Amino acid sequence: MLWQVHGETKQLPLRFSASGNNTILAAPSGTNMFVHAMTLIPSADVTVKIYLGARCVADMDLKQYMTYSNDDMPGMDGQGTWECKTGEAFIINLSSAVSVTGEVSYSYIDTRL
């Protein structure tokens, strides 16, 4: 198990429906952001792409009410699945206008230390 070296883990409920890029969070200046866990539930079939800034890190086809869940790996508690560098945004792209709900768990680490 790793020490939780990142800041306090925060949860953010998700609810969006715009096609194209949906900016969820951005890493503030002087910090990196770690996404620890995420759940997505679409109300209809949709292709979902996850971006960290301009980098596409996931591309998946979700069916109506199919739950996508990503969590810390066993033994890696506190280690983020994805890392947004300073100024990068965590973006979820939808192929069509579909209502999506869920939650994301994230934390920041100060890169100026």
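Everything discussed here concerns the structure shown above.
Residues numbered from 1 in each chain as written. Predicted model: local features only at pLDDT ≥ 70, side-chain atom pairs only at ≥ 80, totals over all residues. Heavy atoms only, no water.

For the structure on display, the rule yields two aromatic pairs. Ring centres of Tyr106 and Tyr108 lie 5.6 Å apart, and the angle between their planes is 75°; on these two criteria the pair is classed as edge-to-face. Tyr108 sits in the partly exposed class, given a relative accessible area of 21%. (Phe/Tyr/Trp six-rings, centres within 6.5 Å; stacked < 30°, edge-to-face > 60°. Buried < 20%, exposed > 50% of the residue type's maximum accessible area, 1.4 Å probe, protein only.)

Across all of its chains, the model carries two salt bridges by this definition. Two residues, Glu83 and Lys85, come together in a salt bridge whose shortest N-O distance is 3.4 Å. Overall, Glu83 belongs to the partly exposed group, its relative accessible area being 26%. (Salt bridge = Lys/Arg side-chain N within 4 Å of Asp/Glu carboxyl O.)

Another point: the environment of Thr23. Along the chain, Thr23 turns up in strand β2 (residues 20-26). Under the relative-accessibility criterion, Thr23 is labelled exposed at 55%. Considering only alpha carbons, one finds Thr23 and Asn93, 70 residues apart in sequence, at a separation of 8.5 Å. In this structure, Thr23 is in contact with Ala89, Phe90 and Ile91, ignoring residues within four places of it in sequence. (Helix = DSSP H or I, 4+ residues; strand = E, 2+ residues; numbered from the N terminus. Contact = heavy atoms within 4.5 Å.)

To summarise the sheet geometry, strands pair through backbone hydrogen bonds and adopt either a parallel or an antiparallel arrangement. Strand order in the open sheet formed by four strands is β2-β8-β4-β5, with antiparallel pairing between adjacent strands. Because the sheet does not close on itself, it has two edges, and the strands there are β2 and β5 (55-62). Pairs of neighbouring strands in the sheet enclose a mean axial angle of 20°, with direction left out of account. Across six bridges, β2 lies against strand β8 (residues 89-94) in antiparallel orientation. Its bridge partner lying in β8, Gly20 is registered against Leu94. (Pairing = 2+ DSSP bridges. Axes fitted to C-alpha atoms, helices over the stretch in contact; angles between N-to-C directions.)

Bringing the environment of Met33 into the picture now. Here Met33 lies in strand β3 (residues 31-42). By relative accessible area, which is 0% here, Met33 ends up buried. Every residue in contact with Met33, bar those within four places of it in the chain, is listed here: Leu25, Ala26, Ala27, Trp82, Glu83, Cys84, Phe90, Tyr106, Ser107 and Tyr108.

By themselves, these figures tell us nothing about what the structure is for.
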